[in-house]
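Understanding the architecture of this molecule
The primary structure of each chain is shown beneath.
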Amino acid sequence: MDHPNISWEVELENLFDSIQEEIDQASSTYIIIDEKISQIWLNDVLEQCPQLAKANIIEIPEGEACKEWEILHHIWEQWIEDKADRQALLINIGGGSTTDLGGLAAALYKRGIGFVNVPTTLTGMVDAAIGGKTAINFHHIKNSIGTFQDADQLIVCPVFLESLPEEELLSGFAEMIKHSLIADASLWEAYNDLEEINAATIVPFIKRNIQIKNHIVFEDPFEENIRKQLNFGHTLGHALESYWLEKQTPLSHGYCVALGMKYATALSVQLDTEAKTEITAFLDEIFPNPEQMPEWNDLLIYLNQDKKNQKGSLKFTLLTSIGHAVHDQSVDWEEAQNCYNRCFQSN
Ligand SMILES: NC(=O)c1ccc[n+]([C@@H]2O[C@H](COP(=O)([O-])OP(=O)(O)OC[C@H]3O[C@@H](n4cnc5c(N)ncnc54)[C@H](O)[C@@H]3O)[C@@H](O)[C@H]2O)c1
Ligand SMILES: [Zn+2]
């Protein structure tokens, strides 16, 4: 698997300079963009980037709601009607939902057309738009239909973060914290030195985060070993996310992952106490525990479904020190429960 070409810290007026050749050579160009991002950004993008004047715009529902079969169907119908061929080019402008959907649409159409990801969320920039995973949800099961297909290009334009709600920004920052904990102690130190967490203070770290994810994905594209470390915090995180979603009081993915990272930190037997305290204190400050955490028993149904759990034992990625992780660590159910209660049910 190759690293995609990446354009860093691009200004809006230069958004598509790096893909001018691809646009010129494409038989047709499509932009997939969600309704909300379109409302905020599309006019500016088209005004500043005249090379896309002839692009066909496909608007999709906002956020996660676009990752549905009907939307995929609608996109392919349009391409077939337009007689789009294999030289068509797709540009996905949006968060992880848009790049997951658009990537899948491009990967399967005529056995694959080229596509470019232009992430507009922090999660997209440091995580979702890189690494080749594409998917839709099916029968309410998240990411159940998908494939691995790398984008040809990744264009990072931090200007988009200006309109991103704080909750979404912090959600992406949780993944950035994860990268530092599993792979880069000096990055962790740098986060700890931040006086404030906002788009301006976080942007300088985007490049390093993309390098970390790219490096891990390059080593293990199909998640057979080291890529599993990117799931740090996600075993409990996914269970919490599903639990609150079903209760119709959703909490952002990153928030749930941050809670999951506190838990996985506590479970990390090889990690020294000082490091545990440091990690928990930092996470608590940005992602305090919600007043009401679910009972352990209410999470079992979600934990049992976790794709990392094989043959009935719970599998985690755990830390050995700040910046180093080990994957596929089995934890027995009793210890998992006791640790959960220690972390979240102590008062
Ligand atoms: N493929 C992967 O490796 C991978 C990794 C992580 C997450 N994901 C997927 O990504 C999805 C989540 O993506 P996300 O967190 O980037 O959010 P998202 O794409 O779901 O968007 C979240 C919300 O933010 C809005 N938004 C996006 N950019 C904006 C901007 N610049 N200004 C204002 N509003 C903006 C969207 O309209 C939407 O309402 C999930 O479906 C998840 O499964 C995939
Ligand atoms: Zn995640």
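Remarks on the coordination of the zinc ion (ligand 2)
Within the protein, the zinc ion (ligand 2) binds to Glu-175 (OE), His-234 (NE2) and His-253 (NE2); these donor distances fall in the range 2.0 to 2.1 Å. Between consecutive donors of the zinc ion (ligand 2), the numbers of intervening residues give the motif E-x58-H-x18-H. Of this pair, Glu-175 sits in helix α6 (residues 166-183) while His-234 sits in helix α10 (residues 234-246), placing them 59 residues apart in sequence. Given the relative accessible area of 0%, Glu-175 is considered buried.

Some points on the environment of Leu-104
Tracing the backbone shows Leu-104 in helix α4 (residues 96-108). Sequence-distant contacts of Leu-104, that is, excluding residues within four places in its chain, are made with Leu-72, Trp-76, Thr-134, Ala-135, Ile-136, Ile-145, Gly-146 and Thr-147.

Comments concerning the domain arrangement of the chain
Here the domain parsing of the chain yields domain 1 (5-163) and domain 2 (171-344). In this complex, domain 1 contributes 16 residues to the contact, which on the side of domain 2 involves 21 residues. At the boundary of domain 1 with domain 2, total buried surface from both sides reaches about 1,600 Å², with 70% on carbon and sulfur atoms. It is Trp-8, Leu-122 and Val-126 in domain 1 that bury the most area against domain 2; as a group they hold 33% of the surface buried on that side. Counting the contacts that link domain 1 with domain 2 gives two salt bridges. Notably, a salt bridge pairs Lys-213 with Asp-127, separated by 2.7 Å at the nearest N-O pair. The interface formed by domain 1 and domain 2 includes five residue pairs in polar contact (both at pLDDT 80 or more). When residues in the side of domain 1 that touches domain 2 are grouped by element, the largest group, five residues, is from helix α5 (residues 122-128).

Concerning the packing of helix α11 (residues 253-267) against helix α14 (residues 333-344)
At a minimum axis distance of 10 Å, the contact between α11 and α14 shows a crossing angle of 120°. Comparing the axis directions of α11 and α14 gives the class oblique. Crossing hand, α11 versus α14: right-handed. Of the residues in α14, those in contact with Leu-259, Lys-262, Tyr-263, Ala-266 and Leu-267 of α11 are Glu-335, Ala-336, Gln-337, Cys-339, Tyr-340, Cys-343 and Phe-344.

Comments concerning the side chain of Thr-98
By secondary structure assignment, the location of Thr-98 is in helix α4. The residues touching Thr-98, leaving out its near neighbours within four places in the chain, are Ile-32, Ile-33, Asp-34, Ile-60, Cys-66, Asn-92, Ile-93 and Gly-103.

Regarding the nonpolar core
Core analysis: the biggest nonpolar cluster contains 92 residues, and Leu-15, Phe-16, Leu-122, Phe-160, Ile-177 and Tyr-263 have the highest contact counts within it. With nine residues, α11 is the single largest residue contributor to this core. When we break this core down by domain, the ones giving at least three residues each are domain 1 (5-163) and domain 2 (171-344). Once residues lying within four places of it in the same chain are set aside, the contact partners of Leu-122 are Leu-161, Leu-164, Leu-169, Gly-172, Phe-173, Met-176, Ile-202 and Ile-206. By size, the runner-up hydrophobic cluster in this structure holds 22 residues, among which are Cys-66, Leu-104, Ala-106 and Tyr-109.

Some words on the pattern of salt bridges
Overall, the coordinates contain 10 salt bridges when judged by the stated rule. Lys-142 is the salt-bridge partner of Glu-64, the closest N and O atoms lying 3.0 Å from each other. Taken together, the positions of Glu-64 in the loop between β3 (56-60) and α3 (69-81) and Lys-142 in strand β7 (residues 141-148) put the pair 78 residues apart, joining distant regions of the chain. A relative accessible area of 36% means that Glu-64 is categorised as partly exposed. Judged by its relative accessible area of 45%, Lys-142 falls in the partly exposed class.

Details of the packing of aromatic side chains
Under the defined criterion, the tally for this structure stands at 15 aromatic pairs. Where Tyr-191 meets Phe-205, the ring centres are 5.3 Å apart and the plane angle is 85°; that geometry is what we call edge-to-face. Within this pair, whereas Tyr-191 is found in helix α7 (residues 185-192), its partner Phe-205 is found in the loop between α8 (199-202) and α9 (206-219), the two being separated by 14 residues in sequence. Take Tyr-191 and Phe-205: they sit in the same class, and that class is buried. Between Tyr-263 and Trp-296, the aromatic rings sit 6.5 Å apart at their centres with planes inclined by 45°, giving tilted as the arrangement. With Tyr-263 in helix α11 and Trp-296 in helix α13 (residues 296-305), this pair connects stretches of sequence that are 33 residues apart. Residue classification places Tyr-263 among the buried residues on the basis of a relative accessible area of 1%. The rings of Tyr-263, Trp-296, Phe-316, Tyr-340 and Phe-344 are connected pair by pair, giving a single aromatic cluster.

Side note on the packing of α6 against helix α12 (residues 273-286)
With their axes 12 Å apart at the nearest point, α6 and α12 run at an angle of 170° to one another. The angle between α6 and α12 places the two elements in the roughly antiparallel class. For the pair α6 and α12, contact is made by Leu-170, Phe-173, Ile-177 and Leu-181 and by Ile-279, Phe-282, Leu-283 and Ile-286, respectively. Its residues assigned to classes, the contact of α6 with α12 shows eight nonpolar, no polar and no charged.

Calculation criteria
- Residues numbered from 1 in each chain as written.
- Chains lettered and ligands numbered in written order.
- Predicted model: local features only at pLDDT ≥ 70, side-chain atom pairs only at ≥ 80, totals over all residues.
- Heavy atoms only, no water.
- Donors = N, O, S within 2.8 Å, 3.2 Å for Na, K, Ca; no water.
- Helix = DSSP H or I, 4+ residues; strand = E, 2+ residues; numbered from the N terminus.
- Buried < 20%, exposed > 50% of the residue type's maximum accessible area, 1.4 Å probe, protein only.
- Contact = heavy atoms within 4.5 Å.
- Domains from an automatic or database assignment.
- Buried area = accessible area lost by both parts, 1.4 Å probe.
- Salt bridge = Lys/Arg side-chain N within 4 Å of Asp/Glu carboxyl O.
- Polar contact = N/O pair within 3.5 Å; in protein donor to acceptor, adjacent residues only side chain to side chain.
- Axes fitted to C-alpha atoms, helices over the stretch in contact; angles between N-to-C directions.
- Parallel < 35°, antiparallel > 145°, perpendicular 65-115°, else oblique.
- Left-handed = near helix turned anticlockwise from the far one by under 90°.
- Core = buried A, V, L, I, M, F, W, Y, C linked by side-chain atoms within 4.5 Å.
- Phe/Tyr/Trp six-rings, centres within 6.5 Å; stacked < 30°, edge-to-face > 60°.
- Nonpolar A, V, L, I, M, F, W, Y, C, P; charged D, E, K, R; others polar.

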